Structures are given as structure tokens and as C-alpha cells.
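# What the coordinates show
Listed here are the chains, written in short residue letters.
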Amino acid sequence: ALVDWNMPVMNGIEFVRHAKTLPAYRFMPIIMLTTEDNAHIRERGKAVGVNGWIVKPFKPALLAATVKKHDERGGEKSTVLTRCVVKQVLREATP
């Protein structure tokens, strides 16, 4: 799952903490895609189960590589998400 730190109802850390309590999402890899590059916030993310951290603005290839890296941990649903993300990223990155 791709999550941002800055969201309207709860921040990304709160979202991940809640998602990891749900059986369907307990083992799904979560990548924080955000403008936040604070080491303390990253450590909080890691503590609640964030698997990857990408700071905006980012290079599309970095997003695709990070999603692929964590793909196998998430099972079949994650693989479908990876295919969609990688296709979209590559489509947007190709002039």
C-alpha cells in the first residue's frame, strides 16, 4: 500500500498503526510516499510497520523499484497493486 504522512483524517503513522491491526493488512507491505524527510518521523514509521519511505518529489523509477522490492511480502493482492503502480509510473515517465 502507498500511504502519505499528510492525510485529512489521520496522519500516515496512525493509518499504518490501525491497518496493521486488521488481519487482512497485517502483512501487507506499506510504503510511505511523502514530503516528510525527518529522521524521527521515519523511525516512528518503521516502529509501526512502514516498510519503505520515499520522499517527494521522487523519480518514477525509484517508486517502481521500491514497490517491486516489497511486492513478494504482500501476496497476490500486492502483486496486482505492483503491476498497476509500475505500469502507471512507467506510462507517466515515458515521453
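Residues numbered from 1 in each chain as written. Predicted model: local features only at pLDDT ≥ 70, side-chain atom pairs only at ≥ 80, totals over all residues. Heavy atoms only, no water.

## What about the sheet that holds strand 1 (residues 2-3)?
On the basis of which strands lie adjacent, the open sheet formed by three strands has the order 1-2-3 and parallel pairing. The sheet terminates laterally at strand 1 and strand 3 (52-55), the two strands that pair on one side only. Direction of pairing for strand 1 relative to strand 2 (residues 31-34): parallel, over a ladder of two bridges. Note on strand 2: the bridge partner recorded for V3 is M32. (Pairing = 2+ DSSP bridges. Helix = DSSP H or I, 4+ residues; strand = E, 2+ residues; numbered from the N terminus.)

## Some details on the confidence of the model for the protein chain
With 74% of its residues at a pLDDT of 70 or more, the protein chain has an overall mean of 78. At the low end of the mean pLDDT range in the protein chain sits helix 4 (residues 75-93), at 53; at the high end sits helix 2 (residues 39-48), at 93. (pLDDT = per-residue confidence, 0-100.)

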